[in-house]
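Chains, contacts and geometry: an overview
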Amino acid sequence: DPSDPLHYSQLLASDQLTRERNAGRTLHGLVEAPVRFPPTYKYHHGEGGGGETAVGNADAVGDAEALGKWDWAPHRWPSWCDRILYLDSSTASVQPHTYTALPLQRTSDHRPVALAVSIPSKPLSSKMKAPFPLNPHWKADRAAARQRELVVGVLAWLGLTWEGRAAVLVALVGSLGGWAVLRSLIAF
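Residues numbered from 1 in each chain as written. Predicted model: local features only at pLDDT ≥ 70, side-chain atom pairs only at ≥ 80, totals over all residues. Heavy atoms only, no water.

All right, on to the overall build of the protein then. Each helix and strand in the protein was counted, giving five helices and four strands. Written out in order from the N terminus, the α and β elements of the protein read α-β-α-α-β-β-β-α-α. Put simply, 63% of the contacts in the protein that link residues at least 6 apart link residues at least 24 apart. For the protein, the computed accessible surface area is about 13,500 Å², with 61% contributed by carbon and sulfur atoms. (Helix = DSSP H or I, 4+ residues; strand = E, 2+ residues; numbered from the N terminus. Contact = heavy atoms within 4.5 Å. Areas by Shrake-Rupley, 256 points an atom, 1.4 Å probe, with all protein chains shown as cover.)

Shown next, in the form of structure tokens:
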């Protein structure tokens, strides 16, 4: 029963994407059709196909209860990792018809989702504005951030991995050996 606090639909309010969109921190201007299907991740592939059969044949309305319990992996919280969001305009509205999870594929632990919509024949407004100011120096900022990422990554590799520490040791031994060779050549 969807009103039961243990029903999967109760998880949607705690879903990360739902929380971040409601707080206005991501995907500004995008909308999603109502989610009425169970979480799409992470399913457990059990022996004999019992879990896959229940998941694969259930529809988005909730026939899973009639076919058997949902077979989510016990070490993960079920979640809606597969989502479809779209840009809707106030001048020409996109009409969603079906938003559902497709059957579980044997090669994946996700259920893919599908959205069927009607798109208006007139073009959507091209004069949409960003909900935040744009940084005119974004390319330089991105290049500087990439350089910092590389430096931190190399330092982390050198200090935190066995291979990195071995490379530092080889470089030190090689430097000391080169210095000793040069010093002996100068002494002659």
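Back to the write-up after that little detour.
Attention now goes to a nonpolar patch on the surface. Nonpolar side chains collect at one region of the surface, where Val-181, Leu-182 and Leu-185 lie side by side and expose about 310 Å² of accessible area between them. Inspection of the secondary structure assignment puts Val-181 in helix H5 (residues 162–187). (Patch = residues over 30% accessible without salt bridge, like charges linked within 9 Å, V, L, I, M, F, W, Y side chains within 5 Å. Salt bridge = Lys/Arg side-chain N within 4 Å of Asp/Glu carboxyl O.)

Time to look at the environment of His-97. Along the chain, His-97 falls in strand E3 (residues 95–101). Only 2.4 Å separates the side chain of His-97 from the side chain of Ser-118, close enough to count as a polar contact. (Polar contact = N/O pair within 3.5 Å; in protein donor to acceptor, adjacent residues only side chain to side chain.)

Our focus in this paragraph is the packing of aromatic side chains. Applying the stated criterion to the full structure yields one aromatic pair. With 5.1 Å between their ring centres and 85° between their planes, Phe-37 and Tyr-99 make a pair best called edge-to-face. In this pair, Phe-37 sits in the loop between strand E1 (30–31) and helix H2 (50–57) while Tyr-99 sits in strand E3, placing the two residues 62 residues apart along the sequence. Assigned by exposure class, Phe-37 and Tyr-99 land together as buried. (Phe/Tyr/Trp six-rings, centres within 6.5 Å; stacked < 30°, edge-to-face > 60°. Buried < 20%, exposed > 50% of the residue type's maximum accessible area, 1.4 Å probe, protein only.)

Put simply, the protein has an average pLDDT of 79, and 78% of its residues get 70 or more. Mean pLDDT per element in the protein: H2 is the minimum at 40, and helix H4 (residues 138–160) is the maximum at 94. Confidence over residues 47–68 falls short of pLDDT 50; this stretch has 32 contacts with residues more than four positions distant or in other chains. (pLDDT = per-residue confidence, 0-100.)

Between H4 and H5, the least distance of the axes is 5 Å, while the angle of their chain directions is 85°. It follows that H4 is roughly perpendicular to H5 by the angle criterion. Contacts between H4 and H5 involve Trp-157, Leu-158, Gly-159 and Leu-160 on the former and, on the latter, Trp-162, Glu-163, Gly-164, Arg-165, Ala-167 and Val-168. The class makeup of the residues in the contact of H4 with H5 is six nonpolar, two polar and two charged. (Axes fitted to C-alpha atoms, helices over the stretch in contact; angles between N-to-C directions. Parallel < 35°, antiparallel > 145°, perpendicular 65-115°, else oblique. Nonpolar A, V, L, I, M, F, W, Y, C, P; charged D, E, K, R; others polar.)

Structurally, Thr-40 is set in the loop between E1 and H2. Among the residues examined, Thr-40 registers a relative accessible area of 0% and is labelled buried. One polar contact links the side chain of Thr-40 to the main-chain amide nitrogen of Cys-81, over a distance of 3.3 Å.

Counting across every chain of the model gives five salt bridges. A salt bridge links Arg-21 to Glu-32, with the nearest nitrogen and oxygen atoms 3.8 Å apart. With Arg-21 in helix H1 (residues 16–22) and Glu-32 in the loop between E1 and H2, this pair connects stretches of sequence that are 11 residues apart. The partly exposed category is assigned to Arg-21, whose relative accessible area is 25%. Taken together, the salt bridges that share partners define one network made up of Asp-15, Arg-21, Glu-32 and Arg-83.

This part is about the side chain of Arg-83. By secondary structure assignment, the location of Arg-83 is in the loop between helix H3 (64–67) and strand E2 (86–87). At 3.4 Å, the side chain of Arg-83 and the side chain of Thr-18 are in polar contact.

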